[in-house]
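In case you want the letters, here they are:
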Amino acid sequence: VSVATVVMFGALKVVGMLRMPASADVVGIDVYEHGATLWPDVLPHPEDVPASAGSRAAVPGVGD
């Protein structure tokens, strides 16, 4: 089992399929995969953030 695991994950790493694309890090994995977010107060959908906000820090967190 250990040998098969090393071979399988080694092949995935070489092919570049072991990590998500960099764009998924920017928008969040929920938005990248499903087009919606379950945590709008923590990581809002990019279309829901006003253009003047500019960054995630401008979006209020829970309890603010």
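Placed above this text is the structure.
Everything in this summary refers to the structure shown in the same document. (Residues numbered from 1 in each chain as written. Predicted model: local features only at pLDDT ≥ 70, side-chain atom pairs only at ≥ 80, totals over all residues. Heavy atoms only, no water.)

**What to know about the overall build of the protein**
Here is step 1: Counting its secondary structure elements, the protein contains three helices and zero strands.
Here is step 2: With 64 residues in all, the protein has 11% of them scored as buried.
Here is step 3: When the accessible surface of the protein is totalled, it reaches about 5,300 Å², and 65% of it is carbon and sulfur. (Helix = DSSP H or I, 4+ residues; strand = E, 2+ residues; numbered from the N terminus. Buried < 20%, exposed > 50% of the residue type's maximum accessible area, 1.4 Å probe, protein only. Areas by Shrake-Rupley, 256 points an atom, 1.4 Å probe, with all protein chains shown as cover.)

**Focus on helix H1 (residues 2-15)**
Here is step 1: Taking 1.5 Å per residue, 14 residues should reach 20 Å; H1 reaches 20 Å between its end C-alpha atoms and fits that length.
Here is step 2: Of all 14 residues that make up H1, zero are buried, and the element is exposed over most of its length. (Expected span 1.5 Å × (residues − 1).)

**Quick word on a nonpolar patch on the surface**
Here is step 1: Together, Met8, Phe9 and Leu18 make up an exposed nonpolar region whose accessible area comes to about 290 Å².
Here is step 2: Mapped onto the secondary structure, Leu18 falls in the loop between H1 and helix H2 (22-27). (Patch = residues over 30% accessible without salt bridge, like charges linked within 9 Å, V, L, I, M, F, W, Y side chains within 5 Å. Salt bridge = Lys/Arg side-chain N within 4 Å of Asp/Glu carboxyl O.)

**A closer look at the environment of Met20**
Here is step 1: If you trace the backbone, Met20 turns up in the loop between H1 and H2.
Here is step 2: Through-space distance from the C-alpha of Met20 to that of Tyr32 is 9.7 Å; in sequence the pair is twelve residues apart.
Here is step 3: With residues up to four places along the chain from it excluded, the contact list for Met20 reads Ile29, Tyr32 and Glu33. (Contact = heavy atoms within 4.5 Å.)

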